[in-house]
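Here are the chains, one letter per residue:
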Amino acid sequence: MSGSFRRLACTATVAAQAVLAPLPAAAAPEPERSVSQLLTDLQQLYRQTEQATESYNGTAEKLKQQRAEVARLDGELSRARLALQGSRTDAGRLARQQYQNSGDLGPYVRLLLARDPQHALDEGHVIGELARERARTVARLTTAEKRRDALARAARKALDTQLTLAGRQREERDDVQRKLRDVERLLAGLTPDQLAAVTRLEQQGVTAAQERLTTAGALPADHPASAGGDRAVHYALEQLGKPYRWGAEGPSSYDCSGLTSRAWSHAGTPIPRTSQEQWRRLKRVPLNDLRPGDLVVYFPEATHVAMYVGGGKVVQAPRPGEDVKVSPIASYPVLGAVRPDAAASAASAADQAPATEAG
């Protein structure tokens, strides 16, 4: 944890000098905050930053999907316009034929005057088929026009949605950056002694929380990982030491859900991009049933996530200023856990179960 505070503090050295510069004699000194209050303030800022980051990630994912939808609709619209052009060509050809043959006798008159009534009937059948073809051509033209118009409206609406999402993404990006600056300002105002004291207090809190989970029997036994879970854990552990960066999905840096989603995608099981969607859409499992590869979700808003690796530990991209690392499962307040490959595991178990004979 201390690396987080020290690195962010170093990036704001100039601000620190400004904060720590002697105040004019006339200015009343501000009361010094306690170490516990400093830690509370820092944790609150980190939490707000992660909430803003996950909101940004969610919008970025929606924007990615919306861009794909706009591209799909544009492709369909282009094909619909080509189909409409072909239908109009066919309709024009039939209209010219009908105009050129408008002086002919009607089929019933030709039947009455024909020397060979059977031949006239056969000719009438051909004429009827031509009429039906004309009707089908007109129907195709009408359908093509309606489809073109509907696709044009859908494409316009999809593009408007894309522009709205892009604007929201810019606002959320700015919000994340503002909150990161708040963290840097607070760290820049701390002395080395205060930084060390805050770090010690935070570590003490994590240790106490881990002990409470152990005493309550909430920590799992050593369950074996699934094949997919083993691959996901192996990938995540290969990222140790890479820096946290908000909005990042690798391969050089990650945020919390960027690491977990990329690891499971590498394992062959794509999962939602954000911690909130991972919590909402994946199968939930009790903590004492965890196996390596399962995801531990933190805070009531589900704004942080880590991957269980066994032995009461998780691998995670913790927060700004820190690197991907292995930590106690109780590094943050635990909300619950989810299993990304639950459906595949259930299917595998069903395949391996012995068959029973009907008696």
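Residues numbered from 1 in each chain as written. Predicted model: local features only at pLDDT ≥ 70, side-chain atom pairs only at ≥ 80, totals over all residues. Heavy atoms only, no water.

**Some points on the overall build of the protein chain**
Within the protein chain, the regular secondary structure consists of 10 helices and 6 strands. Within the protein chain, the fraction of its 359 residues that count as buried is 39%. Within the protein chain, contacts between residues at least 6 apart in sequence are counted, and of these 72% link residues at least 24 apart. Carbon and sulfur atoms form 55% of the exposed surface of the protein chain, whose accessible area is close to 20,300 Å². (Helix = DSSP H or I, 4+ residues; strand = E, 2+ residues; numbered from the N terminus. Buried < 20%, exposed > 50% of the residue type's maximum accessible area, 1.4 Å probe, protein only. Contact = heavy atoms within 4.5 Å. Areas by Shrake-Rupley, 256 points an atom, 1.4 Å probe, with all protein chains shown as cover.)

**Some remarks on the side chain of glutamine 278**
Looking at the element boundaries, glutamine 278 is found in helix H9 (residues 275-281). Reaching out from glutamine 278, the side chain makes a polar contact with the side chain of threonine 260 at a distance of 3.2 Å. Contacts of glutamine 278, omitting those with residues within four sequence positions, involve Ser257, Thr260, Ser261, Ile271, Pro272, Arg273, Leu295, Val305 and Val338. (Polar contact = N/O pair within 3.5 Å; in protein donor to acceptor, adjacent residues only side chain to side chain.)

**Overview of the nonpolar core**
Grouped together as the largest cluster of nonpolar side chains are 28 residues, with contacts concentrated most on Trp264, Leu295 and Met307. Mapped by element, the contributors of at least two residues to this core are helix H3 (35-100), helix H5 (117-188), helix H7 (227-238), helix H8 (256-266), strand E2 (295-298) and strand E3 (304-310). When residues no more than four places from it in sequence are discounted, the contact partners of leucine 295 are Thr260, Trp264, Ile271, Gln278, Leu282, Val305, Ala306, Met307, Gly336, Ala337, Val338 and Pro340. (Core = buried A, V, L, I, M, F, W, Y, C linked by side-chain atoms within 4.5 Å.)

**Concerning the sheet that holds strand E6 (residues 334-339)**
An order of E1-E6-E2-E3-E4-E5 is seen for the 6 strands of this open sheet, with the pairing classed as antiparallel. Here the strands that pair on one side only, and so sit at the sheet edges, are strand E1 (283-285) and strand E5 (325-328). Across this sheet, the average inter-strand angle for adjacent strands is 40°, counted without regard to direction. Bridge count for E2 against E3 is 4 bridges, and the pairing is antiparallel. The residue bridging valine 296 from the neighbouring strand is alanine 306, located in E3. With respect to the sheet, H8 is in contact with E2, E3 and strand E4 (313-316), its orientation differing from that of E3 by roughly 50°. (Pairing = 2+ DSSP bridges. Axes fitted to C-alpha atoms, helices over the stretch in contact; angles between N-to-C directions.)

**Regarding the pairing of E4**
Pairing of E3 with E4, which is carried by 3 bridges, proceeds in the antiparallel orientation. In the sheet register, methionine 307 faces E4, and the bridge partner there is valine 315. In the sheet, E4 pairs with E5 via 4 bridges, with the strands oriented antiparallel. Paired with lysine 313 across the two strands is proline 328, which belongs to E5.

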